[in-house]
Amino acid sequence: GLSAGLFYFPRYGSYSTYDPAENHRTVNDLQLVTWMLAQFSSVDEVKTALPSIRIIGLDKPGSTSTVHWHISDSSDRQAVLEIVDGIPHFYDNPVGILTNSPGFGWQLTNRNNYINLFSGGVAPRLGNLTLTAFGAGSGFLGLPGDVTPPSRFVRIVFYKATAYSFETVLQCFHILNNSDIPIGIEHPVGKSPDIPSATRWTSAIDLTNRKIYYKTTYNSTIRCIDLKNIDFNTVRYQSFPLDKTRQ
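Below is a summary of the structure that appears in this document. All values reported here derive from a predicted model rather than from experimental measurement. Per chain, residues are indexed from 1 in the order of the written sequence. Where local features are concerned, this predicted model is filtered to residues with pLDDT of at least 70; where side-chain atom pairs are given and counted, the filter is 80 or more; whole-chain, interface and lining totals use all residues. As a rule here, side-chain values come from all non-hydrogen atoms in the structure, and water together with hydrogens is ignored.

### Let's talk about the pattern of salt bridges
Part 1 of the reasoning: When a carboxyl oxygen of Asp or Glu is within 4 Å of a side-chain nitrogen of Lys or Arg, the pair counts as a salt bridge. Counted by the stated rule, this structure contains 5 salt bridges.
Part 2 of the reasoning: Salt-bridge contacts for Arg-77 lead to Asp-44; the nearest nitrogen and oxygen are separated by 2.2 Å. Here Arg-77, found in the loop between β4 (67-73) and β5 (78-84), pairs with Asp-44, found in helix α2 (residues 43-49); they are 33 residues apart in sequence, far enough to count as distant.
Part 3 of the reasoning: With relative accessibility at 22%, the residue Arg-77 sits in the partly exposed group.
Part 4 of the reasoning: Measuring nitrogen to oxygen at the nearest pair gives 3.3 Å for the salt bridge that ties Arg-223 to Asp-243. Residue Arg-223 is found in strand β11 (residues 223-226), and its partner Asp-243 is found in the segment after β11; the two are separated by 20 residues along the sequence. The residues Arg-223 and Asp-243 share a single accessibility class, namely buried.
Part 5 of the reasoning: The network of salt bridges with common partners includes Asp-44, Arg-77 and Asp-92. Secondary structure is summarised from DSSP: a helix means a run of H or I of at least four residues, a strand means a run of E of at least two, and numbering begins at the N terminus for each. Burial here depends on accessible area, computed with a 1.4 Å probe over protein chains only, as a share of the maximum for the residue type. Under 20% is buried, over 50% is exposed, and the range in between is partly exposed.

Right, dumping it as structure tokens:
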């Protein structure tokens, strides 16, 4: 099984310019996930095929509306694809995490700013002083709590690294909840657009058992789509609202 997703990557990515002579091998950035999932079953297959296509955007040249991609397969191979100045960069992803800007290499390096963090509590003494933590987890004091992409990346890196599996799906959502962006936080009070940027849904994909789990802004119940029950040879493309009722 293969999974792929795109993530907003403003100001750091830039695609090749559109060339009508290359139409036969041109793929739009928002269609690249479909191109991958329709043809390949592993990260290595995607990596091998990428040089055969040109990836472009539909926005005007110079637009910041670019994306980058996280790709994973059932062997637990994970990778990141970023396109900078029209050149694809394919990275192995040892942490299995991707947020937004800056680039993936920078995000990995930025982890070193938090080398002091560890699970558990801190030592109760400092010289002759006896100190008492206010609560559990004081070894994580200093973990960034804002919703910027670098802070979300670091936060999930450390939560994932210290997690143990009591129930894998539930654990995934517990960790992912820590990167939720509430409606309103990205805009000044009273200046939120009609469709504000926020976490609209959260999903976890089980590539071994071919199941997709998800919850939404309007319904925090974890729901499941079992792909093994769908005959993709006979079922045509369909789309449905994530929530029939929004309250």
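### Side note on helix α4 (residues 149-161)
Part 1 of the reasoning: Here the expected span of a helix is defined as 1.5 Å times the quantity of residues minus one. If you check α4, its first and last C-alpha atoms are 18 Å apart, about what 13 residues at 1.5 Å a residue would give, namely 18 Å.
Part 2 of the reasoning: Most of α4 is tucked away, with 10 of its 13 residues classed as buried.
Part 3 of the reasoning: Every buried residue belonging to α4 is among Pro-149, Pro-150, Ser-151, Arg-152, Phe-153, Val-154, Arg-155, Ile-156, Val-157 and Phe-158, and all of these are buried.
Part 4 of the reasoning: Throughout, a residue-residue contact means that at least one pair of heavy atoms, one from each residue, lies within 4.5 Å. Taken together, the buried residues of α4 touch α3 (104-110) and α5 (168-176).

### With respect to unusual backbone geometry
Part 1 of the reasoning: Between Ser-101 and Pro-102 the backbone carries a cis peptide bond, its omega angle lying at 0°.
Part 2 of the reasoning: Considering the arrangement of structural elements, one finds Pro-102 in the loop between β6 (87-92) and α3.
Part 3 of the reasoning: Phi is positive for Arg-11, close to 75°, though the residue is something other than glycine.
Part 4 of the reasoning: On the basis of relative accessible area, Arg-11 is assigned to the exposed category, the value being 63%.
Part 5 of the reasoning: Here the phi dihedral of Asp-85 falls at roughly 55°; this positive angle occurs in a residue that is not glycine.
Part 6 of the reasoning: Structurally, Asp-85 is set in the loop between β5 and β6.

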